[in-house]
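# Structural characterization, general
Take a look at the letters that make up each chain.
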Amino acid sequence: MANVGYSKKVMEHFTNPRNVGVIENPDGYGKVGNPVCGDLMEIYIKIKDDIITDIKFKTFGCGSAIATSSMITELAKGKHVDEAFKITRNDVANELDGLPPQKMHCSNLAADALQEAIKDYKNKKK
Ligand code: FES
């Protein structure tokens, strides 16, 4: 099957996404919409001693959005919130061995939603 420039890793995370779902009573919650395409992403995090112990996502988005969210949950799990906050859309795309240029905007959703969830956690702590 032609995969129009998607790496094997993107296809693998798209067909077998990690950490899909919802966390009840999350310590942080982030929701962002992608202004380019109108797709939506939600991220839920559980935190203990500032370490992300669990993370789940739900997206109404394209295959690249699913693959990038899946990847970012793997990158963020076990990290200190301050480290996870620094994960960029480029980090995610690189970990996936790249995204087609016209799909780079899709990786914004995952990175932005994670940052929103971490901000939410920090606001609640205040
Ligand atoms: Fe909307 Fe990819 S087309 S997130």
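Here, the structure is the one placed above.
So, here is what we can say about the structure in this document. (Residues numbered from 1 in each chain as written. Predicted model: local features only at pLDDT ≥ 70, side-chain atom pairs only at ≥ 80, totals over all residues. Heavy atoms only, no water.)

## Notes on helix α2 (residues 63-76)
Two residues of an α-helix separated by three or four positions point the same way, owing to the 3.6 residues in each turn. Between its first and last C-alpha atoms α2 spans 20 Å; for 14 residues at 1.5 Å apiece the expected length is 20 Å, and the two agree. Counted residue by residue, α2 has 12 buried out of 14 residues, so it is predominantly covered. Turning to α2, its buried residues number three or more, namely S64, A65, I66, A67, T68, S69, S70, M71, I72, T73, L75 and A76. In this fold, the buried residues of α2 make contact with α1 (8-15), β2 (40-48), β3 (51-60), α3 (81-85), α4 (89-95) and α5 (106-125). Remark: G78 follows α2 within two positions and exhibits a positive phi of approximately 90 degrees. (Helix = DSSP H or I, 4+ residues; strand = E, 2+ residues; numbered from the N terminus. Expected span 1.5 Å × (residues − 1). Buried < 20%, exposed > 50% of the residue type's maximum accessible area, 1.4 Å probe, protein only. Contact = heavy atoms within 4.5 Å.)

## Structural notes on the pairing of strand β1 (residues 28-33)
On β1, burial follows the alternation: G28, G30 and V32 on one face are buried, whereas Y29, K31 and G33 on the facing-out side are not. Between the antiparallel neighbours β1 and β2 lie six residues, among them G38 with a positive phi of about 85 degrees. (Pairing = 2+ DSSP bridges.)

## A look at the packing of aromatic side chains
Tallying each qualifying case throughout the model produces one aromatic pair. An angle of 50 degrees between the planes, with centres 5.2 Å apart, marks the rings of Y29 and Y44 as tilted. A residue pair is termed long-range when its members are at least 10 positions apart, and Y29 in strand β1 and Y44 in strand β2 qualify at 15 residues. For Y29, a relative accessible area of 29% puts it in the partly exposed group. Residue classification places Y44 among the buried positions, given a relative accessible area of 9%. (Phe/Tyr/Trp six-rings, centres within 6.5 Å; stacked < 30°, edge-to-face > 60°.)

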